[in-house]
Amino acid sequence: MAGEDSGTQRQSRQPRGVPLSVFFPMIALAAVVATVTVLLFNHSESQPLPGDVHSRSVTGFEGQLLSPRKPAPPVGDLHNYLGERVSLANYLGKAVFVTFLYTHCPDICPLMTAQLHNTLAALGPYRSRQLQIVAISVDPGGDTRATVAEFLKAHEMTGRMKYLIGNAEELGAVWKAWNVGSTIDATNPELVAHTALIYGISASGKLTTIYPENFQPQQIIHDLPKLLQE
């Protein structure tokens with residue numbers, strides 16, 4: 001499914017099936033962040049956002065604040081790798097962070113997942129229960145129950161991230177609702193170019209903030225209390 005703005009997408013550069021660990025030493029992780037083509041905050045100005053909302057930098061938030069505040073788009077009939085239906089309404093009262101990934105991505109997706117893991121680790125067992133991380137597939141063909149289970153295990157996110165999958169029609173409807181682009185590479189169908197943002201949803205279920213693909217855990221940790229109060 002073609003995205004609205006090809007400049008907002010990131011395309012993997014290695015074929016599916018290449019093993020890649022996300023447990024980088026911190027020096028190596030910093031090097032990867034420095035060398036990957038990153039998504040900066042001003043990128044959000046060109047990326048169409050759900051419900052025609054707009055982003056702006058404000059004092060007090062580490063993420064960019066969205067306005068007007070609107071309920072987060074639904075995630076349709078998607079399910080996790082156990083076959084369980086998941087609704088964002090299940091997490092009212094928590095801050096929810098939604099992103100779009102695919103399990104065979106060799107660069108941006110594992111890096112983002114590693115940083116989300118680091119965020120939960122820094123928060124600790126009590127504070128991490130105040131938020132829910134939701135990933136939505138951008139690869140209906142490659143993201144199966146088995147590959148998602150393996151991905152979550154490899155990244156130590158089993159039980160900590162809801163990774164939603166579905167068929168092309170189901171996922172396509174969700175991509176449209178979220179204004180997310182997902183495009184199969186015409187020259188190599190193993191690769192997917194896709195929108196790479198993290199969407200922060202307040203405890204009241206409203207789309208409130210966005211974060212770039214090169215976000216730092218401290219940004220989410222800083223904004224968490226504010227999202228819980230919204």
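Each chain carries its own residue numbering, running from 1 in the written order of its sequence. Given that the model is predicted, a residue must reach a pLDDT of at least 70 before its local features are reported, and side-chain atom pairs must reach 80 or more before they are shown or counted; all residues, however, enter totals for whole chains, interfaces and linings. Side-chain descriptors were evaluated using all non-hydrogen atoms of the structure, hydrogens and water having been removed beforehand.

Salt bridges are counted wherever a side-chain nitrogen of Lys or Arg sits within 4 Å of a carboxyl oxygen of Asp or Glu. Per the counting criterion, the structure on display carries one salt bridge. A salt bridge links Arg69 to Glu230, with the shortest nitrogen-to-oxygen separation between them at 2.5 Å. Here Arg69, found in strand β3 (residues 64-71), pairs with Glu230, found in the segment after α5 (217-229); they are 161 residues apart in sequence, far enough to count as distant. Exposure classes here rest on a 1.4 Å probe applied to the protein chains alone. A residue is buried below 20% of its type maximum, exposed above 50%, and partly exposed in between. The exposure class assigned to Glu230 is partly exposed, which follows from its relative accessible area of 35%. Secondary structure elements follow DSSP: runs of H or I of four or more residues count as helices, runs of E of two or more count as strands, with numbering from the N terminus.

Turning our attention to the side chain of Asp143. Counting through the fold element by element, Asp143 comes out in the loop between β5 (131-137) and α3 (145-154). Judged by its relative accessible area of 3%, Asp143 falls in the buried class. Polar contacts involving the side chain of Asp143 include one to the side chain of Thr103, which spans 2.8 Å. In protein, a polar contact means a hydrogen-donor-capable atom and an acceptor-capable atom, both N or O and within 3.5 Å, with residues adjacent in sequence counting only if both atoms are side-chain atoms; elsewhere, any N or O pair within 3.5 Å suffices.

Here we take up the confidence of the model for the chain. Confidence scores per residue from the predictor, reported as pLDDT, run from 0 to 100. Looking at the chain, the pLDDT average stands at 78 and 68% of residues meet or exceed 70. Scored below 50 in pLDDT, residues 1-8 shows 25 contacts in the model against residues more than four places distant or in partner chains. Note on residues 10-45: pLDDT is under 50 here. Beyond four places in sequence and across chains, it has 75 contacts. What makes two residues a contact is simply this: any of their non-hydrogen atoms within 4.5 Å.

Looking now at the packing of aromatic side chains. Centres within 6.5 Å make a pair out of two Phe, Tyr or Trp rings, where for Trp the six-membered ring is used; the pair is then stacked when the planes are under 30 degrees apart, edge-to-face when over 60, and tilted otherwise. All chains considered together, the criterion is met by five aromatic pairs. Residues Phe97 and Tyr211 carry aromatic rings whose centres are separated by 6.0 Å and whose planes lie at 55 degrees to one another, so their mutual orientation is tilted. Remark: Tyr211 occurs in strand β10 (residues 206-212) and Phe97 occurs in strand β4 (residues 95-101); sequence separation between them is 114 residues. There is no split in this pair, since Phe97 and Tyr211 are both buried. Through a chain of ring-to-ring contacts, three or more aromatic side chains come together here, namely Phe100, Trp178 and Tyr199. Over a ring means this: the NZ of a Lys or the CZ of an Arg is within 6 Å of the ring centre and within 35 degrees of the ring normal. Across from the ring centre of Phe61, 5.7 Å away, lies the NZ or CZ of Lys226, which sits over that ring.

Further remarks concern the side chain of Thr209. Checked against the element boundaries, Thr209 lands in strand β10. Among the polar contacts listed, one links the side chain of Thr209 to the side chain of Tyr211, at a separation of 3.1 Å. With residues up to four places along the chain from it excluded, the contact list for Thr209 reads Phe61, Gln64, Leu65, Leu66, Ile198, Tyr199, Gly200, Asp223 and Leu227.

For every element, the axis is a line fit to its C-alpha atoms; helices are fit only across the contacting stretch, and the angle between N-to-C directions ranges from 0 to 180 degrees. Two elements in contact, helix α2 (residues 108-127) and α5, have axes separated by 8 Å at closest approach and are oriented at 40 degrees. Taken together, the axis directions place α2 and α5 in an arrangement best described as oblique. Crossing hand, α2 versus α5: right-handed. Counting all contacts with α2, which are made through Gln115, Leu116, Asn118, Thr119, Ala122, Leu123 and Arg127, the residues of α5 involved are Pro217, Ile220, Ile221, Leu224 and Pro225. Residue composition of the contact of α2 with α5, by class: eight nonpolar, three polar and one charged. In this scheme, roughly parallel covers angles under 35 degrees and roughly antiparallel covers those over 145, while 65 to 115 is roughly perpendicular and the rest are oblique. We call a crossing left-handed when the near helix sits turned anticlockwise from the far one by less than a right angle, and right-handed when that turn is clockwise. Nonpolar residues are Ala, Val, Leu, Ile, Met, Phe, Trp, Tyr, Cys and Pro. Charged residues are Asp, Glu, Lys and Arg, and all others, Gly as well, are polar.

Attention now goes to the state of the cysteines. Whenever a pair of cysteine sulfur atoms sits within 2.5 Å, that pair is classed as a disulfide. Applying the stated rule across the entire model yields zero disulfides. There is no disulfide at Cys109, and the cysteine sulfur nearest it, in Cys105, is 3.2 Å away. With relative accessibility at 0%, the residue Cys109 sits in the buried group.

Moving on, we come to the environment of Val98. If you trace the backbone, Val98 turns up in strand β4. Note: C-alpha distance between Val98 and Gln132 (34 residues apart in sequence) is 8.5 Å. Each residue touching Val98, except ones within four places of it in the same chain, is listed here: Leu88, Val134, Ile136, Trp178, Leu197, Ile198, Tyr199 and Ile201.

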